[in-house]
Amino acid sequence: MNAFSNIHAFPDTAGYSRLLCAEIEALHSLVHAACPPSAVVSVCFDGHFNLFVDVRSLEEAATVEAILPDLAGGAFRDLRRSGTPHQPFRHRVTATIVG
């Protein structure tokens, strides 16, 4: 028995994966356009999708927190503010993306 014996093929999801990628790209573009020009927008999956918006000032973080709930029909929930890892002079706004 080799190390790959426990790997199973995913069901045919080719259409779903392209649809999901397009949806994530659309959300990313929408947020990037609405945020301050210096904002860095990223999406991460760790069991659920998270949106990270890294900005330079607390004022920009407050602006992002104010606009996210109104974007994409309320798709961004559970907003939190924290520091940006390994970048001490930036601020991160995190939101959970819901379907």
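Residues numbered from 1 in each chain as written. Predicted model: local features only at pLDDT ≥ 70, side-chain atom pairs only at ≥ 80, totals over all residues. Heavy atoms only, no water.

1. Description of the packing of aromatic side chains
Here is step 1 of the chain: What the rule picks out here adds up to one aromatic pair.
Here is step 2 of the chain: When the centroid spacing of 4.8 Å and the interplanar angle of 50 degrees are considered together, the rings of F45 and F49 count as tilted.
Here is step 3 of the chain: We classify F45 as exposed; its relative accessible area is 52%.
Here is step 4 of the chain: F49 sits in the partly exposed class, given a relative accessible area of 24%.
Here is step 5 of the chain: A cation sits over an aromatic face here: R92 above F52, 4.4 Å from the ring centre. (Phe/Tyr/Trp six-rings, centres within 6.5 Å; stacked < 30°, edge-to-face > 60°. Buried < 20%, exposed > 50% of the residue type's maximum accessible area, 1.4 Å probe, protein only. Lys NZ or Arg CZ within 6 Å of the ring centre and 35° of its normal.)

2. Regarding helix α2 (residues 58-67)
Here is step 1 of the chain: Along α2, the positions that sit buried rather than exposed are E60, A61 and V64. Within α2, the buried residues cover an arc of 100 degrees as seen down the axis, which keeps them to one side. Summarising the geometry of α2, the exposed residues directed more than 90 degrees from the buried face are E59 and A66. (Helix = DSSP H or I, 4+ residues; strand = E, 2+ residues; numbered from the N terminus. Arc of directions from axis to C-beta.)

3. As for the environment of A66
Here is step 1 of the chain: Within the secondary structure, A66 is located in helix α2.
Here is step 2 of the chain: Here A66 falls in the exposed class, since its relative accessible area comes to 53%.
Here is step 3 of the chain: A66 sits 13 residues away from L79 along the chain, and the two C-alpha atoms are 9.8 Å apart.

4. Here we look at the nonpolar core
Here is step 1 of the chain: In terms of nonpolar packing, the biggest core is built from 16 residues, with V31, L51, V53, V64, L68 and F76 touching the most fellow members.
Here is step 2 of the chain: Mapped onto this core, the elements with two or more residues apiece are α1 (14-34), β2 (49-55), α2 and β4 (87-97).
Here is step 3 of the chain: In contact with L68, not counting residues within four places along its chain, are V31, L51, F76, L79, V93 and A95. (Core = buried A, V, L, I, M, F, W, Y, C linked by side-chain atoms within 4.5 Å. Contact = heavy atoms within 4.5 Å.)

5. As for the pairing of strand β3 (residues 76-84)
Here is step 1 of the chain: The pairing of β3 with β4 spans seven bridges and is antiparallel. Among the inter-strand pairings, T84 is bridged to a residue of β4, identified as Q87.
Here is step 2 of the chain: What sits between the antiparallel neighbours β3 and β4 is a turn of two residues, in which H86 has the positive phi angle 65 degrees. (Pairing = 2+ DSSP bridges.)

6. Section: the sheet that holds β2
Here is step 1 of the chain: Spatial strand order, β1-β2-β4-β3: four strands in an open sheet with antiparallel pairing. The two strands at the open ends of the sheet, each matched to only one other strand, are β1 (40-45) and β3. Averaged over all neighbouring strand pairs, the angle between strand axes comes to 25 degrees, with direction disregarded.
Here is step 2 of the chain: Bridging between β1 and β2 involves six bridges; their strand directions are antiparallel. The residue bridging V40 from the neighbouring strand is D54, located in β2. (Axes fitted to C-alpha atoms, helices over the stretch in contact; angles between N-to-C directions.)

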